[in-house]
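# Examining the three-dimensional arrangement
So the chains spell out like this:
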Amino acid sequence: MASVSITSLTKRFGGPRSDAVIDDLQLEIPQGELLVLLGASGCGKTTTLRCLAGLESPTSGRIELAGNAVFDSERRVELPAEKRSIGMVFQSYALWPHKTVRKNIAYPLKVRKIKEGLRDGWVEEVADLVDCGHLLDRYPSQLSGGQQQRVALARGIVARPDLVLFDEPLSNLDAKLRMQVRADLHELHERIGFTSVFVTHDQDEALALADRIAIMRAGRIEQCATPDTVFEEPATDYVAEFMGMSNRLSLTRGVDGWSASGGAPVRLPVAADVDELTVRVRPEHLMIRGGQDVLHGHEVPARVNGTVYGGSHVDVSLEADGRRLQARVETGTPGSRAAAGDRVVVEIDTARARYFDPTTERAVVHAPMPEVVA
Ligand SMILES: Nc1ncnc2c1ncn2[C@@H]1O[C@H](COP(=O)(O)OP(=O)(O)OP(=O)(O)O)[C@@H](O)[C@H]1O
């Protein structure tokens with residue numbers, strides 16, 4: 001296992017004037033880290049993975065594996081895929097149907113002529129690690145989807161590669177199996193600590209598996225940080241929305257503080273040198289109460305469009321000042337009894353909301369203690 005260093009990586013599929021699918025990407029992955037590339041469809045995740053694997057030729061930049069360049073546009077270095085010590089696990093398990101599990105797992109050792117692996121029982125060892133030791137003489141068609149994906153995982157790591165690449169490996173599994181294989185993969189990574197890049201567009205999967213998450217947008221990395229930082233302290237408005245802060249409101253600075261439209265001023269836990277702020281709030285950080293009370297600055301009048309019962313919670317769709325808002329309130333609280341057509345007041349949990357400069361879209365600095373005046 002080894003570290004990975006990506007410097008100024010750019011990939012264009014057309015000529016020099018075409019849009020960059022990967023745009024001056026910088027990324028350092030320490031040895032043993034599981035880095036998740038998370039982003040919307042088409043943002044360049046798979047292309048980044050393919051460039052790392054040597055299946056795609058980057059336009060420019062440098063990729064180092066274990067301190068050695070496998071691609072360097074300036075020095076004209078480009079190692080072919082089979083010469084890079086990389087294991088791959090795909091969405092489609094891509095197992096050979098006519099080979100046994102044993103032969104499927106051994107395949108990378110054969111191709112890369114790793115004789116000691118074949119001799120010293122690496123296949124059996126890795127099969128045991130992924131709980132498939134008892135399946136070695138079966139054929140893929142005799143395995144469940146979860147077992148097939150475990151075999152694919154064993155094949156990805158059997159050759160003890162410098163780096164393991166995962167391209168949405170769990171997305172063909174049903175919800176229950178997906179959770180189970182995800183947990184197994186997490187445990188396996190904790191145990192043997194392979195360096196890996198894992199591509200997904202599933203936020204929960206990213207949070208559960210990653211040491212760090214790199215959020216990609218249009219070929220660039222918006223933020224690369226630990227799961228809790230990306231979730232709780234998104235660096236940009238885009239990351240906030242992507243990580244579930246789906247409600248977006250605008251605040252304007254007045255002489256006495258900040259206010260949403262129609263609200264009284266309020267002091268906020270932010271130090272911003274701007275006159276407008278974008279507020280991002282998770283549905284569970286919006287509270288609902290009856291519509292007759294006096295409004296404070298962190299509240300907005302709204303109309304209920306509809307509700308969806310979710311057992312322990314109720315999702316309430318609202319409209320405030322022409323914007324759609326979504327609140328998730330605990331069942332049994334007054335807000336959960338809201339009904340379509342009701343006029344209500346939506347209260348923002350200002351300490352848990354996040355604030356962005358509407359021009360740069362970057363987070364503004366948070367003051368240490370929320371200071372709210374009513
Ligand atoms: N061989 C190609 N030729 C031209 N354009 C391509 C090629 N491969 C990918 N692209 C384009 O590059 C962009 C990034 O594609 P990529 O597959 O890397 O995205 P992604 O983030 O993995 O998306 P998804 O989550 O949908 O798989 C897309 O706009 C895609 O259409």
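Presented here is an overview of the structure given in this document. What you see is a predicted model; the values in this text were computed from it and never measured.

Attention now moves to the overall build of the chain. Of the regular secondary structure elements, the chain holds 9 helices and 22 strands. Over its C-alpha atoms, taken along the principal directions, the chain stretches across nearly 80 × 50 × 35 Å. Relative to its full complement of 374 residues, the chain shows a buried share of 48%. Residue pairs in contact within the chain that sit at least 24 positions apart in sequence constitute 65% of those at least 6 positions apart. In the form shown here, the chain has an accessible surface area of approximately 17800 Å², with 48% of it arising from carbon and sulfur atoms.

Quick look at the site of the ligand now. Taken together, Phe13, Val21, Ala40, Ser41, Gly42, Cys43, Gly44, Lys45, Thr46 and Thr47 make up the full set of residues adjacent to the ligand. Cysteine 43 is positioned with one of its backbone polar atoms (N or O) 3.1 Å from an oxygen atom of the ligand. Between the ligand and glycine 44 there is a distance of 3.0 Å, counted from an oxygen atom to a backbone nitrogen or oxygen. Coverage of the ligand by the protein chains reaches 54% of its 640 Å² of free accessible surface. Sort the elements by how many residues they give to the shell around the ligand and helix α1 (residues 45–53) lands first, with 3 residues. Looking at the shell around the ligand residue by residue, the classes come out as 4 nonpolar, 5 polar and 1 charged.

Of the voids in this model, the largest pocket is the one considered here, and its volume is about 470 Å³. Contributing elements (two or more residues each) for the lining of the largest pocket: β7 (86–89), α2 (101–111) and α5 (145–157). Its residues assigned to classes, the lining of the largest pocket shows 12 nonpolar, 2 polar and 4 charged. Reported here for the second largest pocket is a volume of approximately 160 Å³. Counting residues per element, the ones that place at least two in the lining of the second largest pocket are α4 (122–129), α5 and α6 (175–192). When residues of the lining of the second largest pocket are assigned to their parent elements, the largest contribution, 6 residues, is made by α6.

The next point concerns unusual backbone geometry. The backbone of serine 8 shows a phi angle near 45°, a positive value even though the residue is not glycine. Tracing the backbone through its elements, the reader meets serine 8 in strand β1 (residues 4–12). Residue class for serine 8 comes out partly exposed when judged on its relative accessible area of 28%. The backbone phi angle of alanine 218 is positive, close to 45°, even though this residue is not glycine. Along the polypeptide, alanine 218 turns up in the loop between β10 (212–217) and β11 (220–225). The class for alanine 218 is exposed, based on a relative accessible area of 56%.

Turning to the pairing of strand β9 (residues 196–200), a few remarks are in order. Two faces belong to every sheet, and in a regular strand the side chains alternate between them. Counting buried positions along β9 yields 5 of 5 residues, so the element is predominantly enclosed. A two-sided burial pattern is seen for β9, the buried positions comprising Ser196, Phe198 and Thr200 on one face and Val197 and Val199 on the other. Across 5 bridges, strand β3 (residues 34–39) lies against β9 in parallel orientation. When the sheet's bridge partners are listed, leucine 34 is paired in β9 with serine 196.

Calculation notes
Residues numbered from 1 in each chain as written. Predicted model: local features only at pLDDT ≥ 70, side-chain atom pairs only at ≥ 80, totals over all residues. Heavy atoms only, no water. Helix = DSSP H or I, 4+ residues; strand = E, 2+ residues; numbered from the N terminus. Buried < 20%, exposed > 50% of the residue type's maximum accessible area, 1.4 Å probe, protein only. Contact = heavy atoms within 4.5 Å. Areas by Shrake-Rupley, 256 points an atom, 1.4 Å probe, with all protein chains shown as cover. Near = heavy atom within 4 Å. Polar contact = N/O pair within 3.5 Å; in protein donor to acceptor, adjacent residues only side chain to side chain. Nonpolar A, V, L, I, M, F, W, Y, C, P; charged D, E, K, R; others polar. 1 Å grid on protein atoms, 1.4 Å probe; cavity = no way out; pocket = protein on both sides within 12 Å on 5 of 7 lines; lining within 4 Å. Points joined across faces, edges and corners; volume = space filled by probe spheres on them. Pairing = 2+ DSSP bridges.

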